[in-house]
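Below, each chain spelled out in residue letters.
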Amino acid sequence: MLLLGIDLGTSSVKISVVDIDGQRLVASAQYPETEAQIITLQTGWAEQSPDSWWEQTERAIALCHQKGVYDPKDITAIGIAYQMHGLVLVDKDQNVLRNSIIWCDSRAVEIGDKAFEDIGHETCLSHMLNSPGNFTASKLAWVKQNEPEIYDKIDKIMLPGDYIAMKLTGEITTSASAMSEGIFFDFQFNGLSKEIIEYFGFSDSLFPAVKPVFSAHGRVTPAVGAALQLKAGVPVTYKAGDQPNNALSLNVLKPGEVAATAGTSGVIYGVSDQLAYDPQSRVNTFAHVNYTDDSKRLGVLLCINGTGSLYRWVKNTFAANMNYQQINAEAEKAPLGSGGLRIMPFGNGAERMLSNKQVGAHLHNIDLNLHTPAHIFRAAQEGIACAFRYGLDIMRENGMSPTIIRAGKNNLFLSSLFTESFVNATGVPVELYDNDGSMGAALGAGIGAEIFSPAEAFSNAKPIRQIEPQGSDFEEVYQSWKAILNQHLASLSSI
């Protein structure tokens, strides 16, 4: 018996097939091999085609099947992880009405800020635990204001993972976790937010049925089963945003446990049992995968939008003929502090931890007689690590003080230099695990299908390495980086 995990990322779709016995990875594949396109029609905008997501999902599943190491008919449940906060709109025939406005799009910041003022800070924070910001609700309001001809055709709104489940099953459902990440959920009443819906003038009929994350979200249709070599009727039993799912994949389910990832975005995600919030909404609180009315489990999320975008830009600009492994090796040739070079990794839209300001990416103190590509590569990794420290200090202000952070050994955590920079910047040890989001989605499917409990799902999970902080030499790098960031923030405030 097998489980299929689908991880719909910004860059690609990854698939994992996991054996139920021992939770062993059988095969995995991803598509495309190069990074998927982000459509940028205007500065600060970011869109992707949901139809392209489905095509990528189909191709990734086919590539996984082609490995020939399992029988697709043995797959008994499907789990889905997905890029958070995106807006998908379909009509009554389940046709997509426009490109998805994705997580790093900044067009709705002013709409969200105005809603924060008009509804009231105290109401938003005590009920939704967040400012509307540039989250999904504000993006839907932007469509309502700017594309009324599209808005009038909407039958249902979805998060990206809801859309993939719809394509598999023909059914449209969502969860409290998904609605909370869209800022549609009221934690005081455990239901859709009347304040948000009434303020923006949304109809209740736009929202799908809300089901638990671990539950039946529909069954694979005969047509889709035939196309994907799956048995018709296989249930989708798990759907979660990529960061709650990453936490699940690292067995981060209890209050005080903390996960991190450094992919397209950089995230620290800690679990709490308190309905708490940052007064400035710089870090955000959502319903975790195991949130229930009786057992409140919240995910406190720090997000750095520019993480992967910076490293991709560095590669494309300075090392187009090198792979990331070669770039990581080259970065190790530069000294700690990168010869004074400092990089701000904020060039991918408004940054929540900077109060939704668009700071932009910046390179500082370039010495044309000293700095080489190796310095650039190291400064990028150090700049991202410094951004994590800046955000973690905000989380510490709000009572989240991890003693250890768990991360999958993937993306930037494949780099020993970055991992050491992260640990030395934050002062917190990191445990690395050999897993990823698609495997987490597969295990989530097993939990949702009641094949095993969460404890059983991770009974074989062991860290492959633990990295401890090595002194305070990185503190000088961080303080000089922070001083430059503060100058940028002050200049933006004076405009």
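Please read all numbers here as calculations on a predicted model, not as lab measurements.

Visitor: What should I look at first to understand the overall build of the protein in this one?
Guide: The helix and strand inventory of the protein stands at 17 helices and 22 strands. Radius of gyration (C-alpha) of the protein: 22 Å, near the 23 Å computed for a compact globule of 495 residues. The dimensions of the protein, computed from C-alpha atoms along their principal axes, are 65 × 55 × 40 Å. A buried classification covers 60% of the 495 residues belonging to the protein. Long-range pairs, those at least 24 residues apart, make up 74% of the contacts in the protein between residues at least 6 apart in sequence.

Visitor: Would you explain the packing of aromatic side chains in this entry?
Guide: When we look at a pair of aromatic rings, we describe it by the centre distance and by the angle of the planes. Counting across every chain of the model gives 21 aromatic pairs. Judged by centre distance (5.4 Å) and plane angle (75°), the ring pair of Phe413 and Phe422 falls under edge-to-face. Like Phe413, the residue Phe422 is buried in the burial classification. A network of ring pairs unites the aromatic residues Phe184, Tyr199, Phe200, Phe202 and Phe207 as a single cluster. The ring of Trp142 carries the charged tip of Arg107 above its face, separated from the ring centre by 4.6 Å. Lys315 extends its terminal NZ or CZ atom over the ring of Tyr324, reaching a point 5.7 Å from the ring centre.

Visitor: Before we go on, may I ask you to explain the layout of surface pockets in this structure?
Guide: Picture a little ball the size of a water molecule; that probe, rolled over the atoms, points out where space is still empty. Roughly 1500 Å³ of volume is contained in the largest pocket. Together, 49 residues line the largest pocket, and Ser11, Gly263, Thr264, Asn410 and Asn411 are the ones closest to its centre. Breaking the lining of the largest pocket down by element, the ones donating at least two residues are strand S2 (13–19), strand S3 (24–31), helix H10 (242–249), strand S14 (258–262), strand S17 (298–304), helix H11 (307–318), helix H12 (324–331) and helix H15 (437–448). Classifying every residue of the lining of the largest pocket by side-chain character gives 14 nonpolar, 25 polar and 10 charged.

Visitor: Hey, could you run me through the pattern of salt bridges in this one?
Guide: Pairs can form between side chains of opposite charge once their charged atoms are near each other. In this structure the tally under the stated criterion is 21 salt bridges. Arg312 is the partner of Glu35 in a salt bridge, and the nearest nitrogen-oxygen pair spans 3.2 Å. Residue Glu35 is found in the loop between S3 and strand S4 (47–48), and its partner Arg312 is found in helix H11; the two are separated by 277 residues along the sequence. Of the residues examined, Arg312 reaches a relative accessible area of 28% and is grouped as partly exposed. Each of the salt bridges in this network shares a partner with another, and the network as a whole consists of Glu47, Arg98, Asp105, Arg107 and Glu147.

Visitor: It is not clear to me how the packing of helix H2 (residues 109–119) against helix H3 (residues 121–128) should be interpreted in this structure. Could you clarify?
Guide: Packed helix pairs are specified by the crossing angle of their axes together with the interaxial distance, meaning the distance between the axes. Closest axis-to-axis distance for the H2/H3 pair is 5 Å, and the angle between their directions is 100°. Accordingly, the angle class assigned to the pair H2 and H3 is roughly perpendicular. Touching Ala115, Phe116, Glu117 and Ile119 of H2 are His121, Thr123, Cys124 and Leu125, all from H3. Looking at the contact of H2 with H3 residue by residue, the classes come out as five nonpolar, two polar and one charged.

Visitor: What is the right way to look at the packing of helix H13 (residues 373–397) against helix H17 (residues 474–493) in this model?
Guide: Interaxial distance between H13 and H17 falls to 10 Å at its minimum, and their mutual angle equals 75°. When the axes of H13 and H17 are compared, the pair comes out roughly perpendicular. Judged by residue contacts, Glu382, Gly383, Ala385, Cys386, Ala387, Arg389, Tyr390 and Asp393 of H13 engage Phe474, Glu475, Val477, Tyr478, Gln479, Trp481, Lys482, Leu485, Asn486 and Leu489 from H17. Class assignment of the residues belonging to the contact of H13 with H17 gives a composition of 10 nonpolar, three polar and five charged.

Visitor: Help me understand the nonpolar core, please; the structure alone is not making it clear to me.
Guide: In globular proteins that are soluble, nonpolar side chains generally tend to be buried together. In this structure, Ile6, Ile78, Leu140, Leu168 and Phe202 are the most contacted members of the largest nonpolar core, which totals 91 residues. With residues up to four places along the chain from it excluded, the contact list for Ile78 reads Leu4, Ile6, Leu168, Val220, Leu230, Val234, Pro235, Val236, Thr237, Tyr238 and Ala445. With 55 residues, the next largest nonpolar core counts Ile304, Tyr311, Leu341 and Ile484 among its residues.

Visitor: What should I look at first to understand empty space enclosed by the protein in this one?
Guide: The full count for this structure, using the stated rule, is one cavity of 30 Å³ or more. Each pocket or cavity is described by its volume, and for the largest cavity that value is around 40 Å³. Considering the residues around the largest cavity, the lining is formed by Leu341, Arg342, Ile343, Ala379, Glu382, Gly383, Cys386, Val477 and Trp481. Among the secondary structure elements, those contributing two or more residues to the lining of the largest cavity are strand S18 (342–344), H13 and H17. Element by element, the count of residues in the lining of the largest cavity is highest for H13, at four residues. A breakdown of the residues in the lining of the largest cavity according to their chemical character gives six nonpolar, one polar and two charged.

Visitor: For this particular structure, what's the right way to read the environment of Glu55?
Guide: The residue Glu55 is located in helix H1 (residues 50–65) in this model. The class for Glu55 is partly exposed, based on a relative accessible area of 37%. Sequence-wise, Glu55 and Gly448 are 393 residues apart; in three dimensions their C-alpha atoms are separated by 26 Å.

Scoring rules and cut-offs
Residues numbered from 1 in each chain as written. Predicted model: local features only at pLDDT ≥ 70, side-chain atom pairs only at ≥ 80, totals over all residues. Heavy atoms only, no water. Helix = DSSP H or I, 4+ residues; strand = E, 2+ residues; numbered from the N terminus. Rg over C-alpha atoms; globule rule 2.2 N^0.38 Å. Buried < 20%, exposed > 50% of the residue type's maximum accessible area, 1.4 Å probe, protein only. Contact = heavy atoms within 4.5 Å. Phe/Tyr/Trp six-rings, centres within 6.5 Å; stacked < 30°, edge-to-face > 60°. Lys NZ or Arg CZ within 6 Å of the ring centre and 35° of its normal. 1 Å grid on protein atoms, 1.4 Å probe; cavity = no way out; pocket = protein on both sides within 12 Å on 5 of 7 lines; lining within 4 Å. Points joined across faces, edges and corners; volume = space filled by probe spheres on them. Nonpolar A, V, L, I, M, F, W, Y, C, P; charged D, E, K, R; others polar. Salt bridge = Lys/Arg side-chain N within 4 Å of Asp/Glu carboxyl O. Axes fitted to C-alpha atoms, helices over the stretch in contact; angles between N-to-C directions. Parallel < 35°, antiparallel > 145°, perpendicular 65-115°, else oblique. Core = buried A, V, L, I, M, F, W, Y, C linked by side-chain atoms within 4.5 Å.

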